[in-house]
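# Structure at a glance
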Number of protein chains: 2
Amino acid sequence: MAVYTVPPLENLVDAFESLPGIGHKSAQRLAYHVLAEPEEEAKRLAGAILDARSHIHTCKVCCNLTDQEVCSICRSETRDKSVICVVEDPRDVAALERTQEFNASYHVLHGVISPLNGIGPEQLHIKELLARVNAGGVKEVIMATNPTVEGEATAMYLSRLLKPLSVKVTRLAYGIPVGGDLEYADEVTLSRALEGRSEM
Amino acid sequence: MAVYTVPPLENLVDAFESLPGIGHKSAQRLAYHVLAEPEEEAKRLAGAILDARSHIHTCKVCCNLTDQEVCSICRSETRDKSVICVVEDPRDVAALERTQEFNASYHVLHGVISPLNGIGPEQLHIKELLARVNAGGVKEVIMATNPTVEGEATAMYLSRLLKPLSVKVTRLAYGIPVGGDLEYADEVTLSRALEGRSEM
């Protein structure tokens, strides 16, 4: 029986399938969509991928993603440069910016220390952070790594490096998420919420 | 407060978001993945999109997708060309091919008659089907459109066009899906399964 194969179609399905969270069925659906939509749409997607890949790199100050030499936050005159919020990932910057309440600067590590995955401190953007603090003018460094084992370990490691530079090192508060349900909160979160209770 | 924007990144998120089944969060995840992975991977994805879009078109016989003038099924010597299975979509051909039991040819309509969506018979590849049947040598046309209102209506419409051409027109069997559970089968499916019962 002749097998029905269309190599460019199979390549496209494979390429979509290599993206995170896209399984074989979804990849097929995306591939057929690309073939069914107007050609300009397909060109726009391919162009956006190549364009983003060639124009976006890390900010030379905070290591966040930017299409300029220094990102718009680091260039801003109104941002408080004496407070640096250290995050794992550019997505975390986007999440914090959505609060519209944080007006200081960031530093993106691009990962966490994770010996199991072979990621040590030297693979993260830690030297750049130390250089910023050493350059002076920084009063506080907020550790906003994720509340996971690796995130905690990275925060701890950085705080040991930063404290001798006489800068205040803080950590995001732990507690129950707003809109959450006590019944479904895990024990560790609840005991952290109790520990960190404040007067009303 | 300075807003953090990276236009190439936002364009990429928008482009991913325009794909079916991809929401804003997933689009962001895909965009950051494209930026984090090696550049060759991003080029491979963009290249696969452009390549598929420029090399894949419809087979001039059966209207299925192919990168050649005539698809591999229509070119095959071992396929039975006297039986044509009419499907809505190239994905349906892939589904039927996976059974590895069907050894005839296909005809892809690229849609169904759907007055609500403004799709009439003239927008489907119906003339090509009539031309194949008129050319002679076709004994049977199997209607394998989906068991939906539009799929049924399209099958009915085609069968009325084809019957005067003295060709046998058949429809896929309705019944309970293999591995399914009678308890959860809907009434219409169950009564169709009873109607179509066969001797053991």
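First, a word on scope: everything that follows refers to the structure included in this document. (Residues numbered from 1 in each chain as written. Chains lettered and ligands numbered in written order. Predicted model: local features only at pLDDT ≥ 70, side-chain atom pairs only at ≥ 80, totals over all residues. Heavy atoms only, no water.)

### Observations regarding the pairing of strand β4 (residues 104-108) of chain B
Residues and elements named next belong to chain B.
- Burial of β4 is extensive: five of the five residues sit out of reach of the surface.
- Where strand β3 (residues 80-87) meets β4, five bridges bridge the pair, whose relative direction is parallel. Residue V86 lies in a different strand from β4, and its bridge partner there is H107.
- Taking the sense of rotation as the criterion, the β-α-β connection linking β3, helix α5 (residues 90-98) and β4 turns out right-handed. (Buried < 20%, exposed > 50% of the residue type's maximum accessible area, 1.4 Å probe, protein only. Helix = DSSP H or I, 4+ residues; strand = E, 2+ residues; numbered from the N terminus. Pairing = 2+ DSSP bridges. Right-handed = clockwise from strand over helix to strand, strands pointing away.)

### Quick word on the interface of chain B and chain A
- Taken together, the contact pairs 62 residues of chain B with 62 residues of chain A.
- A combined buried area of about 5400 Å² lies between chain B and chain A, and 68% of that area is made up of carbon and sulfur atoms.
- Applying the counting rule to chain B against chain A returns zero salt bridges.
- Inspection of the region where chain B meets chain A yields four residue pairs in polar contact (both at pLDDT 80 or more).
- Sorting the residues of the side of chain B that touches chain A by element identifies α1 (7-17), α2 (24-36), α3 (39-55), β2 (65-66), α4 (72-75) and α5 of chain B as the ones contributing at least two each.
- Residue contributions to the side of chain B that touches chain A peak at 14 residues, all from α3(B). (Contact = heavy atoms within 4.5 Å. Buried area = accessible area lost by both parts, 1.4 Å probe. Salt bridge = Lys/Arg side-chain N within 4 Å of Asp/Glu carboxyl O. Polar contact = N/O pair within 3.5 Å; in protein donor to acceptor, adjacent residues only side chain to side chain.)

### Things to note about the sheet that holds strand β5 (residues 140-143) of chain A
Residue and element names in this part refer to chain A.
- In spatial order, the strands read β4-β3-β5-β6; together these four strands make up an open sheet with parallel pairing. Of all the strands in the sheet, just β4 (104-108) and β6 (168-171) have a single pairing partner and so form its edges. Neighbour-to-neighbour, the strand axes of this sheet turn through a mean angle of 25°, independent of strand direction.
- Pairing analysis gives four bridges linking β5 to β6, with the strands arranged parallel. For I142, the partnering residue across the bridge sits in β6 and is T170. (Axes fitted to C-alpha atoms, helices over the stretch in contact; angles between N-to-C directions.)

### Quick word on the relation of the copies chain B and chain A
- Of the transformation superimposing chain B on chain A, the axial component is 0.1 Å and the angular component is 180°, with the fit at an RMSD of 0.1 Å. Overall, the copies show the geometry of a two-fold rotation axis. The C-alpha atom lying nearest the rotation axis in chain B is that of B:A46; the distance is 2.2 Å.
- Mapped onto chain A, 100% of the interface residues of chain B again fall at the interface, so both copies present the same surface. (Least-squares fit on C-alpha atoms with pLDDT ≥ 70 in both.)

### Section: α1(B)
- The complete set of buried residues in α1(B) reads B:P8, B:L9, B:L12, B:V13, B:A15 and B:F16. Viewed along the axis of α1(B), the buried residues span an arc of 160°, placing them on a single side of the element.
- Looking at the buried residues of α1(B), the elements they touch are α3 (39-55) of chain A together with α2 and α3 of chain B. (Arc of directions from axis to C-beta.)

### Examining the side chain of A:T154
Residue and element names in this part refer to chain A.
- In this structure, T154 sits in helix α7 (residues 149-162).
- We classify T154 as buried; its relative accessible area is 0%.
- Ignoring any residue separated from it by four or fewer positions in sequence, one finds T154 in contact with L109, V112, I113 and L124.

### Observations concerning the pattern of salt bridges
Residues and elements named next belong to chain A.
- Under the counting rule described, the total for this entry stands at ten salt bridges over all chains.
- Note that R44 is salt-bridged to E41, the shortest N-O span being 3.6 Å. Of this pair, R44 and E41 both sit in helix α3, separated by three residues, roughly a single helical turn.

Keep in mind these numbers describe shape, not what the thing actually does.
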